[in-house]
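# Chains, contacts and geometry: an overview
The residues making up each chain are set out below.
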Amino acid sequence: NMLRSIRQLPWISNVVMFAAVNLLGAQLAWGFTVTRLIPTGKVKVYQGDRVVQVLSEEAPFPNGMMLENEGQCGARFENFYLVATDQSRFGINDTANERQLILERGTVYFAFSSIPGQLMFITPAGEFPAKDILINASSNGGLIRGYVTATPEQTEIGVLDGGAMVVATLEGDRKIDSGRQITIAQAQPIDEGGAPAAVVGENVDDQGQGEGIQGEDDSDEIPTAYYIVGGVAAAAAEA
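This section reports on the structure supplied with the text. (Residues numbered from 1 in each chain as written. Predicted model: local features only at pLDDT ≥ 70, side-chain atom pairs only at ≥ 80, totals over all residues. Heavy atoms only, no water.)

## Focus: the pattern of salt bridges
For the structure on display, the rule yields 10 salt bridges. For D94, the salt bridge identified is with R99, shortest N-O distance 2.7 Å. Given the relative accessible area of 4%, R99 is considered buried. The salt bridge involving E171 is made with R174; its shortest N-O contact spans 3.7 Å. By relative accessible area, E171 is classed as partly exposed at 33%. Residue class for R174 comes out buried when judged on its relative accessible area of 11%. Because the salt bridges share partners, they merge into one network encompassing E68, R89, E104 and R105. (Salt bridge = Lys/Arg side-chain N within 4 Å of Asp/Glu carboxyl O. Buried < 20%, exposed > 50% of the residue type's maximum accessible area, 1.4 Å probe, protein only.)

Pasting the structure below:
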């Protein structure tokens, strides 16, 4: 399944990501006062289904647009940083009261110290607001670090370190602690038997209690591959 495939990712893919995040770290050190997009390859900017721009160099971030990136792609906002993996389709929509991280496919790593208004994750599986964000100010430079992954089948939201998030889902609020993730299955079309409930993997306590994720692999621990890449992304955010 998906978790197993992530664990088996070749090491070379992580080496490629290292280069992308190191580039992002160098850019962050300049202390931009405006949002920036830092591509390592071509980035297509979409307005609806139409490509309106192709970026291959650093530029202002196209707020409210969907992006498709060839190679890894970094972005910097005030107190918020992200790195999208190769072939992701994503966007950020900043409004006065909300920051929406929209991900149609791929993986986006993020690190932040504060959010203006509410943080909302939007994927094919639905809309998931972060109702509460708990940042450990005494560690990791006061940053919480995590990721969101979207496939046609499911969405994963994880916290690598630095705190915890309470995310609202159709099945209720889910607290994601450091080192943990939740998996949300994309809803299936309604049939005669009714619509099946989304499958949500929950955190487990020290005694191993909790529903877990249905399927062959019911662990809610974040696969090692995410730490390898996300840890370097975190270092870049602190640069």
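## Some words on the pairing of strand β1 (residues 36-39)
Residues R36 and I38 of β1 are buried on one face, and the alternating residues L37 and P39, pointing to the opposite face, are buried as well. Here 2 bridges tie β1 to strand β4 (residues 59-60), and the two strands are oriented antiparallel to one another. Following the sheet pairing, R36 is matched in β4 by P60. (Helix = DSSP H or I, 4+ residues; strand = E, 2+ residues; numbered from the N terminus. Pairing = 2+ DSSP bridges.)

## Things to note about the environment of A111
Turning to its location among the elements, A111 is positioned in strand β9 (residues 98-112). Distance from A111 to R76, taken between C-alpha atoms, is 9.9 Å for residues 35 residues apart in sequence.

## Considerations on the packing of aromatic side chains
Following the criterion strictly, the structure yields 6 aromatic pairs and no others. Geometrically, the ring pair formed by Y109 and Y147 is tilted, given 6.3 Å between the ring centres and 45° between the ring planes. One end of the pair, Y109, is in strand β9; the other, Y147, is in strand β12 (residues 144-150), and 38 residues separate them in sequence. Taken as a pair, Y109 and Y147 share a single burial class, namely buried. Through pairs of rings, three or more aromatic residues link up here, namely F61, F77, F80, F110, F112 and F121. A cation sits over an aromatic face here: R99 above F80, 4.9 Å from the ring centre. (Phe/Tyr/Trp six-rings, centres within 6.5 Å; stacked < 30°, edge-to-face > 60°. Lys NZ or Arg CZ within 6 Å of the ring centre and 35° of its normal.)

## As for the nonpolar core
In terms of nonpolar packing, the biggest core is built from 36 residues, with F80, F90, L101, F121, I157 and M165 touching the most fellow members. Broken down by element, this core gets its largest block of residues, 5 residues, from β9. The residues touching M165, leaving out its near neighbours within four places in the chain, are F110, F121, A130, D132, I133, I144, I157, V159, R174, K175 and I176. Ranked by size, the runner-up nonpolar core spans 5 residues in total, among them M66, I102, M120 and I122. (Core = buried A, V, L, I, M, F, W, Y, C linked by side-chain atoms within 4.5 Å. Contact = heavy atoms within 4.5 Å.)

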